[in-house]
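The chain contents come next:
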Amino acid sequence: AVAASLEAAKVEADAKLSAALEEGLDQLCASLTPRLKPRLDALRDRSYVLGSDEALAAAESASLVGPLVGELEAAMASVRSGLSADNAEALLGKLLSHCAQRIEALLLTKRVDMFGALQFERDVRALTGRLGALSSRSVRGHTARLTQVTALLSLEREAELAELWADGGLRLSAA
């Protein structure tokens, strides 16, 4: 009976500590996201109606990825020394999820042409690559939905979407 009580107390304590850790990481993430907001909101001013190869080349040279990743690196550097490696990775994952959700929300307010879709795809690939260097874990899960959006934007006709959907080849991740 004593062993069962101790085990039950251990399970309860583990659950409470895990919940407290999760809440703490959520609060820390919420305190860091205002630093990222100006970099993410720069997407609001970016046009994805480019109209030509020349405009596409100009847009590529003014990528949003560098400043966003730089700010994310600075935010993580300010707190990393006070966190274990696992907690730092968990915090980074929360920040990456926030960034991806904000980018998707901003993109849904924009018009995008064929060249803009190419630029957005390049931005997402660059973002995924740069973020991968920040983490010891895969970041593709955090940017998967953005990658799926790029696939949709690159389609030229609705019939192509119907073909992808019918073959079971396209399934959007949950938001």
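Residue positions are counted from 1 within each chain, in the order its sequence is given. This being a predicted model, a pLDDT of at least 70 is required before a residue's local features are given, and a value of 80 or more before pairs of side-chain atoms are given or counted; all residues contribute to the totals for chains, interfaces and linings. Each side-chain value is derived from all of the structure's non-hydrogen atoms; neither hydrogens nor water enter the calculation.

### Focus: the nonpolar core
For clarity, the cut-off: As used here, the term nonpolar core means buried Ala, Val, Leu, Ile, Met, Phe, Trp, Tyr and Cys residues forming a set that is joined through side-chain atoms within 4.5 Å. Throughout, exposure labels follow a simple rule: accessible area from a 1.4 Å probe, protein chains only, divided by the maximum for the residue type, with under 20% read as buried, over 50% as exposed, and the rest as partly exposed. Elements are defined by DSSP. Helices are runs of H or I of four residues or more, strands are runs of E of two residues or more, and each kind is numbered from the N terminus. Here, residues are in contact when the closest pair of their heavy atoms is within 4.5 Å.
Within the largest apolar cluster, 32 residues are counted, with the highest numbers of intra-cluster contacts made by Leu72, Leu91, Leu95, Ile103, Phe120, Leu127 and Leu131. Taken together, the elements giving at least two residues each to this core come down to helix H1 (2-45), helix H3 (65-80), helix H4 (85-107), helix H5 (114-134) and helix H6 (140-153). The residues touching Leu72, leaving out its near neighbours within four places in the chain, are Leu36, Leu92, Leu95, Leu96, Leu131 and Leu134.

### Quick word on the packing of H4 against H5
Cut-off, in case you're wondering: Here, axes are lines fitted to C-alpha atoms. For helices the fit covers the stretch in contact, and angles between N-to-C directions go from 0 to 180 degrees. Roughly parallel means an angle under 35 degrees; roughly antiparallel means over 145; roughly perpendicular covers 65 to 115; every other angle is labelled oblique. Amino acid classes used here: Ala, Val, Leu, Ile, Met, Phe, Trp, Tyr, Cys and Pro are nonpolar; Asp, Glu, Lys and Arg are charged; the rest, including Gly, are polar.
Packing of H4 against H5 brings their axes to within 12 Å, and their N-to-C directions diverge by 170°. Classified by the interaxial angle, the pair formed by H4 and H5 is roughly antiparallel. Contacts between H4 and H5 pair Glu89, Leu92, Leu96, Ile103 and Leu107 from the former with Phe120, Leu127, Leu131 and Leu134 from the latter. Broken down by class, the residue content of the contact of H4 with H5 amounts to eight nonpolar, no polar and one charged.

### Focus: the pattern of salt bridges
Quick reminder of the rule: By convention in these notes, a salt bridge is any Lys or Arg side-chain nitrogen within 4 Å of a carboxyl oxygen on Asp or Glu.
Under the defined criterion, the tally for this structure stands at 13 salt bridges. In this structure, Asp26 and Lys94 form a salt bridge, with 2.6 Å as the shortest nitrogen-oxygen distance. With Asp26 in helix H1 and Lys94 in helix H4, the pair connects residues that are 68 residues apart, well separated along the chain. Residue classification places Asp26 among the partly exposed residues on the basis of a relative accessible area of 39%. Across the pair Glu71 and Arg35 runs a salt bridge, and its minimum N-O distance is 3.2 Å. One end of the pair, Glu71, is in helix H3; the other, Arg35, is in helix H1, and 36 residues separate them in sequence. Here Glu71 falls in the buried class, since its relative accessible area comes to 16%. Members of the salt-bridge network, linked through shared partners, are Lys37, Asp41, Arg44 and Arg102.

### A word on the state of the cysteines
For the record, the criterion: When the sulfur atoms of two cysteines come within 2.5 Å, that pair is taken as a disulfide.
The full count for this structure, using the stated rule, is zero disulfides. Left unpaired, Cys29 is separated from the closest cysteine sulfur, that of Cys99, by 8.3 Å. Cys99 gets classed as buried once you look at its relative accessible area, which sits at 4%.

### Here we look at the environment of Ser78
Our working definition: The definition of a polar contact used here is a pair of N or O atoms within 3.5 Å, where within protein one atom must be able to donate a hydrogen and the other to accept one, and adjacent residues in sequence count solely through side-chain atom pairs.
When you line up the elements, Ser78 lands in helix H3. You can call Ser78 partly exposed: its relative accessible area is 43%. Between the C-alpha atoms of Ser78 and Lys37, which are 41 residues apart in sequence, the distance is 17 Å. Residues in contact with Ser78, not counting those within four places in the same chain, are Leu32 and Arg35. Polar side-chain contacts of Ser78 include one of 3.4 Å to the side chain of Arg35.

### Re H5
Counting along an α-helix, one turn takes 3.6 residues, and residues three or four places apart therefore face a common direction. In plain terms, the rule: A helix is expected to reach a length of 1.5 Å times the quantity of its residues less one.
Look at H5: 31 Å from first C-alpha to last across 21 residues, which is about the 30 Å you get at 1.5 Å a residue. Among the residues of H5, those classed as buried are Phe115, Gly116, Ala117, Gln119, Phe120, Asp123, Val124, Leu127, Thr128, Leu131 and Leu134. Its side-chain oxygen 3.2 Å from the backbone nitrogen of Phe115, Asp113 forms the N-cap of H5.

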